[in-house]
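# Secondary and tertiary structure notes
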Amino acid sequence: MATDILISEVGLRDGLQSIDAILSTERKKAWISAQHAAGTREMEVGSFVPAKLIPLLADTAEVVRHATSLPGLRVAALVPNLHGLRDAVANGVHKVTLPFSMSETHSIRNLRKTHAQVIEEIGRCIEFLDTLPGERRPQFEVSLSTAFGCTLEGPVPEQRVIGYAVQVIALGVDEVCLSDTTGYGNPAQLRRLVRGVREACGADRLDSVHLHNTRGQGLANALAAVEEGITTLDSSLGGIGGCPWAPGASGNIVTEDLVFLLESMGLSTGIDLDALIEVRELVQAALPGVELFGFTPAAGLPLGYRPACEPSP
């Protein structure tokens, strides 16, 4: 059965960068292998940043090499600049995401760059990618971070988000992603931004969103995104995650709850929910001091639940 919605698991990057516990490389590999076996087909497994900035992700290159050995798994990684992009390409990453905060205050805090400097860096990244043969060139995505609001600046004008989307697409970026880094977004705002960016850049240039559940709006925003035609949704196992440089930016939407929502609606994710909950148990055992979230794992599957791949009797 064809997959309707691609769920991109970001717990190994966005989740782990936000907690104090250090997960060993071998346990990261076990997590990736188990979630791949459960049906996940895209995972952001790390970030190519200096180890001194995020020691928890210092083993990204080794983790990527393991992930790329798994059949059918699209391996993604975050890069902050051209140097990180070169490392990602050298290690065979299939998709790279460069975060471009729509709040300049957050951009300076996160990447130590103004908006103008980020634009220049993206241009250098495109120049490098254009030198690569097609089979070595990863998909290059720019995540429009804090697109829905910022804990440091407050509201972010929607026209600013659309304007920067147009600029980076014009530079040669493959696509943009709308990222609710701080959990400010609501479904009406999401619909406006999706429509605005697609109208300005083309529907094929915006296919994914990255949502947080800081104020309980995560699944409502995910549903609105799906109804607007978005087919890739980021989420994190157990809802772990946030942003170390955005105060109050708590966890991502919970992968388990998102799979249950979509599959219950008859939308195939390709993910076996029972197997996914077993992955959660594996991760919880590896991170005993870290709180995992999720209503579905706590309540269990309802009597008569049928995933999208099973026809109704």
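Whatever comes next refers back to the structure up there.
Reference entry: report on the structure contained in this document.

Procedures and definitions
- Residues numbered from 1 in each chain as written.
- Predicted model: local features only at pLDDT ≥ 70, side-chain atom pairs only at ≥ 80, totals over all residues.
- Heavy atoms only, no water.
- Core = buried A, V, L, I, M, F, W, Y, C linked by side-chain atoms within 4.5 Å.
- Buried < 20%, exposed > 50% of the residue type's maximum accessible area, 1.4 Å probe, protein only.
- Helix = DSSP H or I, 4+ residues; strand = E, 2+ residues; numbered from the N terminus.
- Contact = heavy atoms within 4.5 Å.
- Pairing = 2+ DSSP bridges.
- Axes fitted to C-alpha atoms, helices over the stretch in contact; angles between N-to-C directions.
- Right-handed = clockwise from strand over helix to strand, strands pointing away.
- Arc of directions from axis to C-beta.
- Phe/Tyr/Trp six-rings, centres within 6.5 Å; stacked < 30°, edge-to-face > 60°.
- Salt bridge = Lys/Arg side-chain N within 4 Å of Asp/Glu carboxyl O.
- Polar contact = N/O pair within 3.5 Å; in protein donor to acceptor, adjacent residues only side chain to side chain.
- Expected span 1.5 Å × (residues − 1).

The subject of this paragraph is the nonpolar core. Formed by 89 residues in total, the largest nonpolar core has its most connected members in Trp31, Phe100, Ile122, Phe140, Leu144, Leu178 and Leu233. A total of seven residues in this core trace back to one element, the largest contributor, which is helix 6 (residues 115–129). The residues touching Trp31, leaving out its near neighbours within four places in the chain, are Glu9, Gly11, Leu12, Leu16, Leu23, Met43, Leu237, Ile240, Val279, Leu282 and Val283.

Around the barrel, eight strands lie side by side as 1-2-3-4-5-6-7-8; this closed barrel has parallel pairing. Between one strand axis and the next, the sheet turns through 25° on average, direction left out of account. Relative to the sheet, helix 6 contacts strand 4 (95–101) and strand 5 (139–145), its axis offset from that of strand 4 by approximately 165°.

Burial analysis of strand 6 (residues 175–179) places five of its five residues in the buried class, which makes it a mostly covered element. The two faces of strand 6 match: Glu175, Cys177 and Ser179 on one face and Val176 and Leu178 on the other face are all buried. Tracing the backbone out of strand 5, into helix 7 (residues 158–171) and back to the parallel element strand 6 gives a crossover that is right-handed. Remark: the strand 6/helix 8 (residues 187–201)/strand 7 (residues 206–210) crossover connection has right-handed handedness.

Turning our eyes to something else, we now look at helix 3 (residues 60–67). Every buried residue belonging to helix 3 is among Thr60, Val63, Val64, His66 and Ala67, and all of these are buried. Down the axis of helix 3, the buried side of the element spans an arc of 160°, and every buried residue falls inside it. Considering only its buried residues, helix 3 is in contact with helix 2 (25–37), strand 2 (42–47) and strand 3 (74–78).

Using the criterion set out here, one finds two aromatic pairs in the structure. Between the aromatic rings of Phe100 and Tyr164, the centroid separation amounts to 5.0 Å while the plane-to-plane angle is 65°, which identifies the pairing as edge-to-face. Here Phe100 is found in strand 4, whereas its partner Tyr164 is found in helix 7, with 64 residues between them in sequence. Residue Tyr164 is classed as buried on the basis of its relative accessible area of 17%.

On to the pattern of salt bridges, then. Under the criterion given, the structure shown has 16 salt bridges. Salt-bridge contacts for Arg13 lead to Asp14; the nearest nitrogen and oxygen are separated by 3.9 Å. With a relative accessible area of 2%, Asp14 lands in the buried category. The closest approach of N and O atoms between Asp174 and Arg137, which form a salt bridge, is 2.9 Å. Here Asp174, found in the loop between helix 7 and strand 6, pairs with Arg137, found in the loop between helix 6 and strand 5; they are 37 residues apart in sequence, far enough to count as distant.

Here the focus is the side chain of Ser47. Of note, Ser47 is situated in strand 2. A residue is classified by how much of its surface remains accessible, and Ser47, at 2% relative accessible area, is buried. In this structure the side chain of Ser47 is engaged in a polar contact, spanning 3.4 Å, whose partner is the backbone oxygen of Leu78. Excluding residues that lie within four positions of it along the chain, Ser47 makes contacts with Arg13, Leu57, Thr60 and Leu78.

A few words on helix 2. Taking 1.5 Å of rise per residue, 13 residues should cover 18 Å, and helix 2 covers 18 Å from first to last C-alpha, within 8% of that figure. The set of residues buried in helix 2 consists of Thr25, Lys28, Lys29, Trp31, Ile32, Gln35 and His36. Angular distribution of buried residues about the axis of helix 2 spans 160°; they occupy a single face of the element. Projecting away from the buried face of helix 2 at angles above 90 degrees are the exposed residues Glu26 and Ala37. Taken together, the buried residues of helix 2 touch strand 1 (6–9), helix 1 (11–15), strand 2, helix 3, helix 10 (255–264) and helix 11 (273–286). Among the residues trailing helix 2, Gly39 stands out with phi positive, at a value near 115°.

That's the geometry; what it means functionally is another story.
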